[in-house]
Amino acid sequence: MTRTLDASSKMYADARRYLAGGVSSDARRVDGVPLFVDHAKGSRLWDVDGNEYVDYVLGQGPSVLGHCPPEVVEAVAAQAARGMAYSAQHAAEVRVAERLCALVPSAGRVRFNTVGSEAVHAALRLARGCTGREAVLKFEGHYHGWLDPVLFSVHPALDAAGPADAPATVPGTAGQQRGHSDDLVVCPWNDVPALSRLMEQHAGRLAAVIMEPVLCNTGAIEPDPGYLEEVQRLCREHGTLLIFDEIITGFRLAPGGAQEHLGVTPDLSVFGKAMAGGMQVSALVGRADVMDHISTGKVAHAGTFNSHPVGIAAAEATLRVLDERRDEVYGTLYARGAELMEGLRSAAAKAGVPMLVDGPGPVFQTYLTEASSVRNYRDFAATDRAAMTRLHAALLDRGVNMVPRGLWFMSAAHTEADVAFTVDAFADALGTL
């Protein structure tokens, strides 16, 4: 099966004349012609050539209610008619902050930003300002935005990554300031002895340990049983703040994020994506005593578009649905995710293709591997990522859109019919590998 891409190809040729690389984010680079979307609704999107797709990218996760949910569309339209940007306070941001404090275990105070990278930057500055320390520990394979201080050892080449139990600090791009690595410690994920050793080695230096509580930028890797509790214990022992990067997991795994789902409360957290159902809003939340370093002005935090009225209107509508209809929404996310995961496993088994399908359900990963588990970046790097890229292209030709690296996002709009269609398309696509 082949899609018609005449309009998309022409648009891509035009885009390359004016946009660097023909796209506006490196995450949209693909071999061949990228997806040029015309419109989206519910679980579906349509490209400029009229091809229809069941969508499991969902804007890289934000559209947890599906595309264009009426509650969010109505709220955005109503606010746009009242004003687009005030550079002043407004009632809706107070209501959203109040709901965040009610929903999220770690939320004692809130500050808003626009995108996840900004919220992470604010969290790290706050941790340093609060503790008086400079260094931060992050985990290999975890992504915390594209800014220089944290864009290290996300998906490093293994010949540069160093030993598995003591990873090297590998920059993610040319042009990155190498000096940032002086205050960054990289640790393997799901390895308590390595974390304990590194925290002892850097005792008195670490302002924060930052992590994705479920690793979604390198597969969809859940923490080992008891792992987060041990990380929390070590942080308390060393006077180090624990930061959860819940840009992806927040409001996707539970109304209170992965910290509610997994039962471990960090000191600070950052949220985005699903929080506003598709609009660009992020938030830094945390313990009141820590956040009050911003309240007093000791730690600076600013931004013209912080608590943007239209984005906040989207967040208010989205969070209201997620909170008040939580059983319906999360019941669908987990049920449809489990159905699709089992269907993909069955299709791979029938095709004789070695594949691991793993993750919580509302977000999960397909790995082309004979391994029985993937617990960290090194395990992920050993999977057949080139074949996964080919599978992604084959699925697009069959009307299914997933994240090219094999990640799948579910929404409350996905139906049993969507799952059945996807499993059939997946089975057919496996024949191209």
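Just above, that's the structure.
These notes cover the structure that comes with them. Per chain, residues are indexed from 1 in the order of the written sequence. The predicted nature of this model means local features are confined to residues of pLDDT at least 70 and side-chain atom pairs, given and counted, to a pLDDT of 80 or more, with totals for whole chains, interfaces and linings taken over all residues. Each side-chain value is derived from all of the structure's non-hydrogen atoms; neither hydrogens nor water enter the calculation.

### Let's talk about the nonpolar core
Soluble, globular proteins show a tendency: their nonpolar side chains are buried together. Among buried residues, those of type Ala, Val, Leu, Ile, Met, Phe, Trp, Tyr and Cys that are joined through side-chain atoms within 4.5 Å constitute a nonpolar core. Buried residues are those whose accessible area, probed at 1.4 Å on protein chains only, stays under 20% of the maximum for their type, while exposed residues exceed 50% and partly exposed ones sit between those limits. With 59 residues, the main nonpolar core has Leu100, Phe112, Phe251, Leu340, Leu391, Trp408 and Phe426 as its most contacted residues. If near-sequence neighbours (up to four positions away) are discounted, phenylalanine 112 is found in contact with Glu93, Val96, Ala97, Leu100, Val281, Ser282, Ala283, His301, Asn306, Ser307 and Ile312. Among the nonpolar cores identified, the runner-up in size contains 29 residues, and Ala194, Ile221, Val231 and Val374 belong to it. In what follows, residue pairs with any heavy atoms lying within 4.5 Å of each other are defined as contacts.

### So, the pairing of strand E5 (residues 135-139)
Strands here are runs of E lasting at least two residues and helices are runs of H or I lasting at least four, both read from the DSSP assignment and numbered beginning at the N terminus. With 5 of its 5 residues buried, E5 lies for the most part within the structure. Neither face of E5 is left uncovered, since the one carrying Ala135, Leu137 and Phe139 and the one carrying Val136 and Lys138 both have all their residues buried. Paired strands, in this sense, are two strands between which DSSP finds at least two bridges. Bridge count between E5 and strand E6 (residues 184-187): 4 bridges; the pairing is parallel. Along E6, the bridge assignment pairs phenylalanine 139 with cysteine 187.

### A closer look at unusual backbone geometry
Excluding glycine, a negative phi dihedral is what most residues carry, and trans is how most peptide bonds are arranged. For asparagine 190, which is not glycine, the phi dihedral falls at a positive 65 degrees. When you line up the elements, asparagine 190 lands in the loop between E6 and helix H5 (192-201). Phi at phenylalanine 251 is positive, roughly 65 degrees, even though this residue is not glycine. Considering the arrangement of structural elements, one finds phenylalanine 251 in the loop between strand E8 (241-246) and helix H7 (257-262).

### Notes on the pattern of salt bridges
One speaks of a salt bridge when a side-chain nitrogen belonging to Lys or Arg is within 4 Å of a carboxyl oxygen belonging to Asp or Glu. Within the structure shown, the criterion is met by 23 salt bridges. With its nearest N and O atoms 2.6 Å apart, the salt bridge here joins glutamate 316 to arginine 95. Taken as a pair, glutamate 316 in helix H9 (residues 309-324) and arginine 95 in helix H3 (residues 91-103) lie far apart in primary sequence, 221 residues in all. Sharing partners across several salt bridges, the network here consists of Arg99, Asp323, Glu324 and Arg326.

### Describing helix H4 (residues 116-131)
Here a helix's expected span is defined as the number of its residues, less one, multiplied by 1.5 Å. With 16 residues, H4 extends 23 Å from end C-alpha to end C-alpha; this agrees with the ideal 22 Å at 1.5 Å per step. Here H4 has its buried residues at Gly116, Ser117, Ala119, Val120, Ala122, Ala123, Leu124, Leu126 and Ala127. Backbone geometry just downstream of H4 places glycine 132 in the positive-phi region, at approximately 75 degrees.

### Comments concerning the packing of aromatic side chains
Note on aromatic pairs: the rings of Phe, Tyr and Trp (six-membered ring only in Trp) are paired at centre separations within 6.5 Å, and the planes decide the class, stacked below 30 degrees, edge-to-face beyond 60, tilted for the rest. Summed over the entire model, instances satisfying the criterion amount to 8 aromatic pairs. Arranged with centres 6.4 Å apart and planes meeting at 55 degrees, the rings of tyrosine 12 and phenylalanine 36 form a pair that is tilted. With tyrosine 12 in helix H1 (residues 6-18) and phenylalanine 36 in the loop between H1 and strand E1 (37-41), the pair connects residues that are 24 residues apart, well separated along the chain. On the accessibility criterion, tyrosine 12 (14% relative accessible area) is buried. Look at phenylalanine 36 and you get buried, because its relative accessible area is 15%. Cluster of aromatic residues (ring-pair linked, three or more members): Tyr56, Phe364, Trp408 and Phe426. Counted as over-ring charges are cases with an Arg CZ or a Lys NZ within 6 Å of the ring centre that also lie within 35 degrees of the ring normal. Sitting over the face of the ring of tyrosine 12, arginine 16 holds its NZ or CZ atom 4.4 Å from the ring centroid.

### What to know about the environment of leucine 234
Considering the arrangement of structural elements, one finds leucine 234 in helix H6 (residues 227-238). Along the primary structure leucine 234 and arginine 29 are separated by 205 residues, whereas in three dimensions their C-alpha atoms are 39 Å apart.

### Observations concerning the sheet that holds strand E7 (residues 206-211)
Here we have 7 strands laid out as an open sheet, ordered E4-E10-E9-E8-E7-E5-E6, and mixed in their pairing. Either end of the sheet is taken by a strand with one partner, and the two such strands are strand E4 (109-113) and E6. Averaged over all pairs of adjacent strands, the angle between their axes in this sheet comes to 20 degrees, without regard to strand direction. Across 4 bridges, the pairing between strand E9 (residues 268-271) and strand E10 (residues 282-286) is antiparallel. In the strand pairing of E10, leucine 268 is matched with glycine 286. Along the sheet, H6 contacts E5, E7 and E8; its crossing angle with E8, the most-contacted strand, is approximately 140 degrees. Where helices are involved, their axes are fitted lines through C-alpha atoms of the stretch in contact, as for all axes, and angles between N-to-C directions lie from 0 to 180°.

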